[in-house]
Amino acid sequence: MAMASTNAPAWRRPSWLTLPVAAGGLIILAWIIVALTVPLWTPYDPVMMAGRRLMPPSAAHWLGTDALGRDVLARTLWGARFSLTIAAAVISAAVVIGALLGALAGFLGGIVDGAIMRFADVTLSFPPILLAMAVTASLGPGMQNAAVAMIIVWWPVYARLMRAQVLTIKQREHVEAAVACGAPPARVLSKHVLPLCWSPILVNATMDFGQVVLLAASLSFIGLGASPPTPEWGQMISEGANRFYQWWIAFGPGMAILSIVLGFNFLGDGVRDLMDPRTQ
């Protein structure tokens, strides 16, 4: 029987680098470039009248104009800067707060663990959109208050993830050896435990980024987020919902949200496979 050839190609694509992951990365990179260089992409001011009211898509206005004569494409592109900034701030704050509290809960245990986790359980018992609506309504409409509400919604997720990781890592031999050598608890946690706990946090943060964009748009859609004339995607879709036959008003921001959510979901799959070879 002829033996199978053992010659391997000189270059082999990593198993985590699939077509969806590459597509997701390109989508996110494109939106980041747009957000950073948006004045170069459109000659129109997103809050000023650019033509006649409710003009359909044309060569002058690729996505038409809204009820106030503003260019929909310009508002969609400027909305990327606004939405991505809010999402980045919310995810960063939720990761820092949740990871810190989760690390303390898992490492210290006892009363500290019980208090933090019970508070996290109460927060997680509410549907995210309802809790965000309640917090935003109590603080008052506005994107800053909406960001605070979304941080409250998301930090328990990262607290539970970090706690689970810390509980696993602190049982390992190198941690027990550091404790036996007399290392202070703060050094054990920061030098021997936390560096090994970040993989699931980063994967979850990547996937949650698109969900934060979606939740921010939902709050703006019902009037609890950005206020006019801010070029925010949810607020633009809310305007388009009242004008069904002028479909182009909601089409641009709707496709922007769809692409952002899909892009981060695809990218999150790749990050997960890269950090956990067992899934490849």
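Check the entry above for the structure.
What you see is a predicted model, and the numbers here were worked out from it, not measured in a lab. (Residues numbered from 1 in each chain as written. Predicted model: local features only at pLDDT ≥ 70, side-chain atom pairs only at ≥ 80, totals over all residues. Heavy atoms only, no water.)

1. Points about the overall build of the protein chain
When its secondary structure is counted, the protein chain shows ten helices and zero strands. Along the protein chain, helices and strands appear, N-terminal first, in the series α-α-α-α-α-α-α-α-α-α. Dimensions of the protein chain, computed from the C-alpha atoms along their principal axes, are close to 75 × 70 × 30 Å. Of all intrachain contacts in the protein chain linking residues separated by at least 6 positions in sequence, the fraction that spans at least 24 positions is 69%. Accessible surface, the protein chain as shown: approximately 14900 Å² in total, 70% of it carbon and sulfur. (Helix = DSSP H or I, 4+ residues; strand = E, 2+ residues; numbered from the N terminus. Contact = heavy atoms within 4.5 Å. Areas by Shrake-Rupley, 256 points an atom, 1.4 Å probe, with all protein chains shown as cover.)

2. Regarding a nonpolar patch on the surface
Together, Leu26, Leu29, Ile33, Leu40 and Trp41 make up an exposed nonpolar region whose accessible area comes to about 570 Å². Note that tryptophan 41 resides in the loop between helix H1 (19-36) and helix H2 (72-108). (Patch = residues over 30% accessible without salt bridge, like charges linked within 9 Å, V, L, I, M, F, W, Y side chains within 5 Å. Salt bridge = Lys/Arg side-chain N within 4 Å of Asp/Glu carboxyl O.)

3. Details of unusual backbone geometry
Cis geometry marks the peptide bond from proline 228 to proline 229; its omega dihedral reads 5°. Position of proline 229 among the secondary structure elements: in the loop between helix H8 (198-221) and helix H9 (233-241). One non-glycine residue with positive phi stands out, namely leucine 54, at about 55°. Note that leucine 54 resides in the loop between H1 and H2.

4. Details of the pattern of salt bridges
Pairs can form between side chains of opposite charge whenever their charged atoms are close. One pass over the full model with this rule turns up six salt bridges. Its salt-bridge partner being glutamate 239, residue arginine 70 comes within 3.5 Å of it at the nearest N-O pair. With arginine 70 in the loop between H1 and H2 and glutamate 239 in helix H9, the pair connects residues that are 169 residues apart, well separated along the chain. For glutamate 239, a relative accessible area of 22% corresponds to the partly exposed category. The closest approach of N and O atoms between arginine 163 and aspartate 113, which form a salt bridge, is 2.7 Å. Taken together, the residues arginine 163 in helix H5 (residues 143-169) and aspartate 113 in helix H3 (residues 110-124) connect sequence positions 50 residues apart. Taking the relative accessible area as the measure of exposure, arginine 163 reaches 24% and is therefore partly exposed. Aspartate 113 sits in the buried class, given a relative accessible area of 12%. (Buried < 20%, exposed > 50% of the residue type's maximum accessible area, 1.4 Å probe, protein only.)

5. Remarks on the environment of phenylalanine 107
You can see phenylalanine 107 is positioned in helix H2. For phenylalanine 107, a relative accessible area of 18% puts it in the buried group. In the structure, phenylalanine 107 is positioned 81 residues away from valine 188 in sequence and 9.7 Å away in space, judged by C-alpha atoms. When neighbours within four sequence positions are excluded, phenylalanine 107 is seen to be in contact with Val166, Lys170, Pro185, Val188, Leu189 and Val193.

6. Looking at the packing of H1 against H2
In contact at an axis separation of 8 Å, H1 and H2 are set at 100° when each is read in the N-to-C sense. Judged on the interaxial angle alone, H2 and H1 are roughly perpendicular. Two secondary-structure elements touch here, H1 through Trp31, Ile32, Val34, Ala35 and Leu36 and H2 through Leu77, Ala80, Arg81 and Leu84. Of the residues contributing to the contact of H1 with H2, the split by class is eight nonpolar, no polar and one charged. (Axes fitted to C-alpha atoms, helices over the stretch in contact; angles between N-to-C directions. Parallel < 35°, antiparallel > 145°, perpendicular 65-115°, else oblique. Nonpolar A, V, L, I, M, F, W, Y, C, P; charged D, E, K, R; others polar.)

7. Side note on H2
If you check H2, its first and last C-alpha atoms are 53 Å apart, about what 37 residues at 1.5 Å a residue would give, namely 54 Å. The sharpest bend along H2 measures roughly 25° and falls at glycine 79. Sitting at the amino-terminal end of H2 is aspartate 71, which places a side-chain oxygen 3.3 Å from the backbone nitrogen of leucine 73. (Expected span 1.5 Å × (residues − 1). Bend = angle between axes of the 7 residues up to and from the residue. Polar contact = N/O pair within 3.5 Å; in protein donor to acceptor, adjacent residues only side chain to side chain.)

8. A closer look at the environment of alanine 93
Position of alanine 93 among the secondary structure elements: in helix H2. By relative accessible area, alanine 93 is classed as partly exposed at 22%. Separated by 54 residues in the primary sequence, alanine 93 and alanine 147 place their C-alpha atoms 9.7 Å from one another.

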